[in-house]
Amino acid sequence: MSGDRIRVSEIFGPTIQGEGALIGQPTVFVRTGGCDYRCSWCDTLHAVDSAYRDEWCPMTADAIMMQVEILTSGTPLMVSLSGGNPAIQPLGDLIGLGHEEGYRFALETQGSIARDWFEMLDVLTLSPKPPSSGMETDWQKLAECVEAAGEDTHVVLKAVVFDETDYAFARDVAERYPQLSCYLQPGNHTPPSPAETDGAIDMAGIMDRMRWLVDRVATDRWYDATVLPQLHTLIWGNLRGV
């Protein structure tokens, strides 16, 4: 095994996957620290902002898997690699080690960094960030991520939508990759600061956006899209570690 260290913000679970193609599935989360983006509405700043890097723990793949196996009592399930942007980290050894024990691995990234170990993943969610994020998508980089996943990794698209401009962006992404399933998610306009602990959230506002998005997709007859909420947000609000 490589001695490369992975910057870990937190490991928690088992809980459920709260969004996208694996929504509702029992999952352990390995959240890495660091990101090459800084989205205006980021809801995981504790894993993004370098101001919190002292809270990130450099861990080997073996140490991470030991923690995952303790949490699951050795019962293999889905491991979600998240961030920040987990593509920054050297995760190939972790995925290989976990597969040997029967675990499956899903990763979500904005598609800004392609890695050869993407082909080892069971599920790769590419979530290019819409205009409301303040970030700009490099379409060539996104294409490289799709290519790096190869034929055996299940690749899906996920788009966060706050408004009409984001919705048009999501349509554009889906049209570029008609072979990939596309999941739409209403944005959380009340993301927490890392210092918040009460999990407060504007649930009514989020549900209004959810209803608007459902109506928008139905009106456009965009029947290939799947509209889903952030399920963990509906259950726990902005609480961490769930």
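Notes on the structure follow. On a predicted model such as this, the values are computed, not experimentally measured, just so you know. (Residues numbered from 1 in each chain as written. Predicted model: local features only at pLDDT ≥ 70, side-chain atom pairs only at ≥ 80, totals over all residues. Heavy atoms only, no water.)

## Quick notes on the state of the cysteines
How we decide: Criterion for a disulfide: a pair of cysteine sulfur atoms at a distance within 2.5 Å. Categorising residues by exposure relies on relative accessible area from a 1.4 Å probe, with only protein chains included: less than 20% of the type maximum marks a residue as buried, more than 50% marks it as exposed, and the intermediate range marks it as partly exposed.
Under the defined criterion, the tally for this structure stands at 0 disulfides. Free of any disulfide, Cys42 has its nearest cysteine sulfur in Cys39, 6.4 Å distant. Cys35 supplies the cysteine sulfur nearest to Cys145, a cysteine that is in no disulfide, at a spacing of 13 Å. Look at Cys145 and you get buried, because its relative accessible area is 0%.

## Here we look at the packing of aromatic side chains
The criterion, for reference: Working definition: rings of Phe, Tyr and Trp (its six-membered ring) pair if their centres are within 6.5 Å, and the pair is stacked with planes under 30 degrees apart, edge-to-face with planes over 60 apart, and tilted otherwise. Counting from the N terminus, the helices are DSSP H or I runs at least four residues long and the strands are E runs at least two residues long. By definition here, charges over rings are those cases where NZ of Lys or CZ of Arg is within 6 Å of the ring centre and within 35 degrees of the ring normal.
Under the criterion given, the structure shown has 6 aromatic pairs. Seen in terms of ring centroids, Tyr167 and Trp222 are 5.8 Å apart; in terms of plane orientation they differ by 80°. Their pairing is edge-to-face. Residue Tyr167 is found in helix α4 (residues 164-176), and its partner Trp222 is found in the loop between α5 (203-220) and β9 (225-227); the two are separated by 55 residues along the sequence. Trp222 gets classed as buried once you look at its relative accessible area, which sits at 8%. The ring centre of Trp222 lies 4.6 Å from the NZ or CZ of Arg171, which sits over that ring. In this arrangement the basic side chain of Arg176 is found over the ring face of Trp139, its NZ or CZ atom lying 3.7 Å from the centre.

## Quick word on empty space enclosed by the protein
Operational definition: A pocket here means an open set of points on a 1 Å grid, computed over the protein atoms alone, that has protein on both sides within 12 Å along at least five of seven lines. A cavity is instead a set of points where a 1.4 Å probe fits but cannot get out; residues with an atom within 4 Å of a point line either one. Grid points are joined across faces, edges and corners, and a volume is the space filled by probe spheres set on the points. Residue polarity is assigned by list, with Asp, Glu, Lys and Arg as charged and Ala, Val, Leu, Ile, Met, Phe, Trp, Tyr, Cys and Pro as nonpolar; anything else, Gly included, falls into the polar class.
Evaluated as defined, the whole model comprises 5 cavities of 30 Å³ or more. For the largest cavity, the calculated volume is near 910 Å³. Of all the secondary structure elements, the ones that give two or more residues to the lining of the largest cavity are β1 (6-16), β2 (26-32), β4 (78-82), β5 (104-109), β7 (154-161), β8 (182-186) and α6 (231-236). A class-by-class count of the residues in the lining of the largest cavity yields 19 nonpolar, 22 polar and 9 charged. Lining the second largest cavity, in full, are Pro186, Gly187, Asn188, Ile206, Met207, Met210, Pro229, Gln230, Thr233 and Leu234.

## Points about the pattern of salt bridges
Convention followed: Any carboxyl oxygen of Asp or Glu within 4 Å of a side-chain nitrogen of Lys or Arg constitutes a salt bridge here.
Scanning the entire structure with this criterion turns up 9 salt bridges. A network of salt bridges, in which partner residues are shared, links Glu164, Arg171, Arg216 and Asp220.

## Here we look at a negative patch on the surface
The test is simple: For patch building, the residue pool is restricted to those with more than 30% relative accessible area and no salt bridge; the joining distance is 9 Å between like charges and 5 Å between nonpolar side chains (Val, Leu, Ile, Met, Phe, Trp, Tyr). In this description, accessible areas are obtained by the Shrake-Rupley approach with a 1.4 Å probe, and a residue is regarded as covered only by the protein chains that are shown. Charged-residue counts in this description rest on Lys and Arg as positive and Asp and Glu as negative, His and the chain ends being excluded. Note on charges: their place is set at NZ of Lys, CZ of Arg, CG of Asp or CD of Glu.
On the surface, Asp116, Glu119, Glu151 and Asp152 cluster together into a negatively charged patch. Tracing the chain through its elements places Glu119 in the loop between β5 and β6 (123-126).

## Quick word on the nonpolar core
Test applied: Note on terminology: a nonpolar core comprises buried Ala, Val, Leu, Ile, Met, Phe, Trp, Tyr and Cys residues joined through side-chain atoms within 4.5 Å. Should any heavy atoms of two residues lie within 4.5 Å, those residues are considered in contact.
Core analysis: the biggest nonpolar cluster contains 51 residues, and Leu81, Phe118 and Leu184 have the highest contact counts within it. Leu81 has contacts with Val30, Pro86, Leu91, Leu94, Ile95, Phe105, Ala106, Leu107, Glu108 and Leu121, leaving out every residue within four places of it along the chain. By size, the runner-up hydrophobic cluster in this structure holds 8 residues, among which are Tyr37, Cys39, Val160 and Phe162.

## Looking at the sheet that holds β4
Note the threshold: Here a strand pair is declared whenever DSSP counts at least two bridges between the two strands. Orientation is described by axes fitted as lines to C-alpha atoms, over the contacting stretch for helices, and by angles from 0 to 180 degrees between their N-to-C directions.
Taken in spatial order, the 9 strands make up an open sheet running β3-β1-β2-β4-β5-β6-β7-β8-β9, and their pairing is mixed. This sheet does not close on itself; its edge strands, each paired only once, are β3 (57-59) and β9. The sheet shows a mean angle of 30° between the axes of neighbouring strands, direction not considered. Bridge count for β1 against β3 is 3 bridges, and the pairing is antiparallel. Its bridge partner being in β3, Arg7 is matched across the sheet by Pro58.

By themselves, these observations are geometric and do not establish any function.
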